[in-house]
Amino acid sequence: MTITVRHLAEWVRGEVLGDGDLPISNARTLAEAQPGDITFVEHDKHLTAWHSSRASAAIVPHSVPVNGRPIIRVADPLMAFARVVQQLRGRPREDGPAISPMALVHPTARLASGVCVGPFAVVGENSEIGTNTTIHAGAIVGRYCKLGEEVVVHPHATLYDECVLGNRVVIHGNAVIGADGFGYRVQNGRHAKVPQLGWVEIEDDVEVGACTTIDRGTFGPTRIGAGTKIDNLVMIGHNCNIGKHNILCSQVGIAGSTTTGDYVVMAGQVGVADHLTIGDRVTIMAKSGVSGNISGGSQVLGMPALPHREQARIMMTMEKLPEIRKDVSRIKKHLGLEDG
Amino acid sequence: MTITVRHLAEWVRGEVLGDGDLPISNARTLAEAQPGDITFVEHDKHLTAWHSSRASAAIVPHSVPVNGRPIIRVADPLMAFARVVQQLRGRPREDGPAISPMALVHPTARLASGVCVGPFAVVGENSEIGTNTTIHAGAIVGRYCKLGEEVVVHPHATLYDECVLGNRVVIHGNAVIGADGFGYRVQNGRHAKVPQLGWVEIEDDVEVGACTTIDRGTFGPTRIGAGTKIDNLVMIGHNCNIGKHNILCSQVGIAGSTTTGDYVVMAGQVGVADHLTIGDRVTIMAKSGVSGNISGGSQVLGMPALPHREQARIMMTMEKLPEIRKDVSRIKKHLGLEDG
Amino acid sequence: MTITVRHLAEWVRGEVLGDGDLPISNARTLAEAQPGDITFVEHDKHLTAWHSSRASAAIVPHSVPVNGRPIIRVADPLMAFARVVQQLRGRPREDGPAISPMALVHPTARLASGVCVGPFAVVGENSEIGTNTTIHAGAIVGRYCKLGEEVVVHPHATLYDECVLGNRVVIHGNAVIGADGFGYRVQNGRHAKVPQLGWVEIEDDVEVGACTTIDRGTFGPTRIGAGTKIDNLVMIGHNCNIGKHNILCSQVGIAGSTTTGDYVVMAGQVGVADHLTIGDRVTIMAKSGVSGNISGGSQVLGMPALPHREQARIMMTMEKLPEIRKDVSRIKKHLGLEDG
């Protein structure tokens, strides 16, 4: 498929500067682009990369000057480029039947208009699925679940009974929502299970990554606040109350009954103990271990987690530790303070 | 649904003190309860929370005194409360056919009485399923597996061939039991696979969390001892021999051929190296990294893991490290011992 | 099943020394073997274990001397033993139909000869499956995927659209290939999704563990180089470019856009930040956290990761830290340098 720069500019409603008749056959990033490709420049800081890129044209912000190759100026180059990629590579999805004849939808389930259910997917009894929601192949929606509008449940995602999902929630492949919380009591030398009778509530616009697990509450809900984004392989323990617009990166683990505020960010492999309160806009840096409450606005690092500045100073000093030890030995010798 | 305190007391065989005719419409925990709710008090230490709770009634241990609101005294308030929750919120499961017509059970598989197999579930050739065991929707039981009585295999759990599960084992959603161990040998600059011909044996009363993986042994079994509870996203390497009544919290990883004793506890995100022996009743605190054997009864912490007291002292001193460094500089200057 | 040592030697083309008529009924490792079993000795360093083993016979390298019990000398005892185990325990797989009548293969998909597709598996539109490839029960291959020859996709593995797999690739159970990268931009106080329009390319002879996730690139590919082996529960972020013959152990996480060279080894629970370059033959030890580029051939450890020798010295000194602190106090007192 080949198309002119001018035509692309029409798709993205941008302003062409330079040769609008240049034919474009592919769209790739600055580093990967080849002659014949269009690319994009997201910020002025990528100008050097644009000058050395092999691309024949670029979608750029208004601030980028002409440099000989045609450019398309737009307000949001990233989204404009995404639209171009979709148009150039786009593969039409053949519309199968909305409800696959190989899906199993319980007769008591209520499906709004526009709902799609893929093959080998299950929608359990008394579940309710909102308008334009898609349940992909092999996904399982348990009993008494309630899914909002335009939700996407990817292949093999598993929703246990009684999960509640808001609008535009996305659950990626093989994620598990609503499995039993990890709660036991010791009785006669054995771990006796505490019944896990609660549920999971996921608010609007939450995205849950592949193979992530969010356990159901013991008696009440485990909650994920609106707009929160959760990466792959994350664990959210039972009874947690995660705030709005959190970012939880891959392999984060949050133990049971912990509450986070809004706009909390946890980088990869962070662990947070149970029954804690993490304030609004806290940032927890990668691999940190949190065992106490954190007040709003803090940035913490390390195991145990400390304020970032303090921990960074400690970590830098740690590299000097063998030298410090030698110094102390030397001083002791100098002063005749050796042990024994 | 509304019901009197007296009626609830009959369900849980408890003793009513106060107004038994009070109508109750919901059951929630101390912090979440509203007027009209019944709640529960597990220990005396929650008495303050009970006094300030908005709940209209409570299920309490025998030690809790009357405080004006009706109480139900029982020996085990948690379990009594769980029974009340189930009764109040209970949703009858509509009994479908025991073996879904959309399941695939191999003709050579042997199913005892009371076995349920959900839609799109598979039971492979020559597998044997014990009395009252449930294989949920989309779960896969491979060939030559042997499952005990009252086992529950949740949706999308995958049992490779030749897994052996005792009685009352629970496998949660998307867990994978019996995938190949991670064993390779370098041959001609490539990683050549060591055949993984063993199996997995899980003893009675083990619970395995969602998205947890337990690899098969190389030539023999990977074993999980009776009563051990494993949380979500845990990795158990090939040839491991996990003892009885262990608690392995979320995101723990145990490398191949490691043995643990009985009553071992590993908190979240612990990592244990391969070919180690961890003694009975060892506790490994969160995020610790274990690279050597640990003798019975120890409590360890950190990376590398050290006895808890020792490590805690080191961690506390670490916070003073920049100050210690400054002191050493000052001393060196004082003594004229500066470098160079 | 019972068979003579001589007969076993014929299977593995080995040389018998001692009583070739001895009957053998099972094959177990040195530690587990019982009388009547054959075992194997991989290296001379296991000679003591062989002398004390209860096994009746052994498969050994050429260097092992006779010790009274019959031995079979071969060049590669491990592989010879594996062949014996398979023969002794082997359970013939009943050949079902190559394409299960309960699979869903889209009419536009192109399947080469010898392809098997299990029950409840899906092959999406326009996907292409190479000779002798097996798609196990419940596995999902999306649209426009391209799988090479002799690929094995285990139960419940999920391949999103447009995944490209080379020859002899193995994807274990519940792994997810090609889910959306974790990319957002803050817009009006919300995390707006960056479209994830790329794909995943996995080269020849790669093995991907159970519940591992490899996200698709944003506009281009996420790549895994030939011969790389990935354990369970590993996360590979979007746009990563993993080299050839890497070993990525369980629970490793690599954030987006990071590149690794060839023969890189990451031990368990390692975390690597985004946009980094890790050189050829780098070894990253267990639980390390990498936040900067690493040059080829290095071995690093710790959080933050430092060269192994340096870090090991620091870790050893750390254990002396409380003592060092006391010494510094003592020196300050001795010199009259106490604070305040």
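Scroll up to find the structure this text is about.
Asker: Explain the overall build of chain A to me, using residue names and the numbers behind them.
Answerer: Scanning chain A from terminus to terminus reveals five helices and 39 strands. A compact globule built from 340 residues should have a C-alpha radius of gyration of about 20 Å, whereas chain A, at 27 Å, is more than 25% larger. Across its three principal axes, chain A shows a C-alpha extent of roughly 85 × 70 × 30 Å. Expressed as a percentage of the 340 residues in chain A, the buried residues total 56%. In chain A, the proportion of contacts linking residues at least 24 apart, taken out of those at least 6 apart, comes to 20%.

Asker: Can you tell me about the interface of chain B and chain C, naming the residues and giving the values?
Answerer: In this assembly, 46 residues from chain B lie in contact with 48 residues from chain C. Looking at the side of chain B that touches chain C, the elements that each hand over two or more residues are strand E22 (190-193), helix H4 (308-318) and helix H5 (321-335) of chain B. If one sorts the elements of the side of chain B that touches chain C by residue count, H5(B) sits on top with six residues. Here the residues of the side of chain B that touches chain C are counted per class, giving 26 nonpolar, 13 polar and seven charged.

Asker: Lay out the relation of the copies chain B and chain C in plain terms, naming residues and giving numbers.
Answerer: For the pair chain B and chain C, the best superposition has an RMSD of 0.1 Å and corresponds to a rotation of 120° with a translation of 0.0 Å parallel to the axis. The operation mapping one copy onto its partner corresponds to a three-fold rotation axis.

Asker: Mind laying out the packing of helix H4 (residues 308-318) of chain A against H5(B), listing which residues take part and the relevant values?
Answerer: With their axes 8 Å apart at the nearest point, H4(A) and H5(B) run at an angle of 50° to one another. The pairing of H4(A) with H5(B) is recorded here as oblique in orientation. Of the residues in H5(B), those in contact with A:Arg313, A:Ile314, A:Thr317 and A:Met318 of H4(A) are B:Leu321, B:Pro322 and B:Arg325. Looking at the contact of H4(A) with H5(B), its residues break down into four nonpolar, one polar and two charged.

Asker: Give a detailed account of the sheet that holds strand E17 (residues 158-159) of chain B, specifying residues and quantitative values.
Answerer: Residues and elements named next belong to chain B. The strand order across the open sheet built from ten strands is E8-E11-E14-E17-E20-E25-E28-E31-E34-E37, with neighbouring strands paired in parallel fashion. What marks the edges here is a single partner per strand, and that holds for strand E8 (104-105) and strand E37 (289-290). Bridging between strand E31 (residues 253-254) and strand E34 (residues 271-272) involves two bridges; their strand directions are parallel. Each residue of the ladder has a partner; that of Gly253, found in E34, is Gly271.

Asker: Tell me about the sheet that holds strand E16 (residues 152-153) of chain C, residues and numbers included.
Answerer: Residue and element names in this part refer to chain C. The eleven strands lie next to each other as E10-E13-E16-E19-E24-E27-E30-E33-E36-E38-E39, forming an open sheet whose pairing is mixed. Looking along the sheet, the strands with just one partner apiece sit at the ends: strand E10 (116-117) and strand E39 (306-307). Pairing of strand E24 (residues 207-208) with strand E27 (residues 229-230) involves two bridges; the strand directions are parallel. When the bridges of E27 are listed, Glu207 appears paired with Lys229.

Asker: Describe the interface of chain A and chain B, naming the residues involved and giving the relevant values.
Answerer: Taken together, the 45 residues of chain A in the interface contact 48 residues of chain B. Only strand E22 (190-193), H4 and helix H5 (321-335) of chain A provide two or more residues apiece to the side of chain A that touches chain B. Here the element with the most residues in the side of chain A that touches chain B is H5(A); it accounts for six residues. Considered class by class, the residues forming the side of chain A that touches chain B number 25 nonpolar, 13 polar and seven charged.

Asker: Residues and numbers for the packing of H5(A) against H5(B), please.
Answerer: Between two packed helices, the angle of one axis relative to the other and the distance separating the axes together describe the packing. In contact at an axis separation of 10 Å, H5(A) and H5(B) are set at 40° when each is read in the N-to-C sense. Relative to H5(B), the element H5(A) is oriented oblique. Here H5(A) and H5(B) pass one another in a crossing that is left-handed. For the pair formed by H5(A) and H5(B), the contact residues are A:Ile324, A:Asp327, A:Val328, A:Ile331 and A:His334 on the first element and B:Ile324, B:Arg325, B:Val328, B:Ile331, B:Lys332 and B:Leu335 on the second.

Asker: Which residues make up the nonpolar core, and what are the values?
Answerer: Formed by 228 residues in total, the largest nonpolar core has its most connected members in A:Val141, B:Val141 and C:Val141. Every residue in contact with B:Val141, bar those within four places of it in the chain, is listed here: B:Val122, B:Val123, B:Gly124, B:Ser127, B:Ile135, B:Leu147, B:Val153 and B:Leu159. Counting residues in hydrophobic clusters, the runner-up holds 29 residues, among them B:Leu197, C:Ala33, C:Ala57 and C:Val84.

About the criteria used
Residues numbered from 1 in each chain as written. Chains lettered and ligands numbered in written order. Predicted model: local features only at pLDDT ≥ 70, side-chain atom pairs only at ≥ 80, totals over all residues. Helix = DSSP H or I, 4+ residues; strand = E, 2+ residues; numbered from the N terminus. Rg over C-alpha atoms; globule rule 2.2 N^0.38 Å. Buried ≥ 20, exposed ≤ 12 C-beta atoms within 10 Å, placed from the backbone. Contact = placed C-beta atoms within 7 Å. Nonpolar A, V, L, I, M, F, W, Y, C, P; charged D, E, K, R; others polar. Least-squares fit on C-alpha atoms with pLDDT ≥ 70 in both. Axes fitted to C-alpha atoms, helices over the stretch in contact; angles between N-to-C directions. Parallel < 35°, antiparallel > 145°, perpendicular 65-115°, else oblique. Pairing = 2+ DSSP bridges. Left-handed = near helix turned anticlockwise from the far one by under 90°. Core = buried A, V, L, I, M, F, W, Y, C linked by C-beta atoms within 7 Å.

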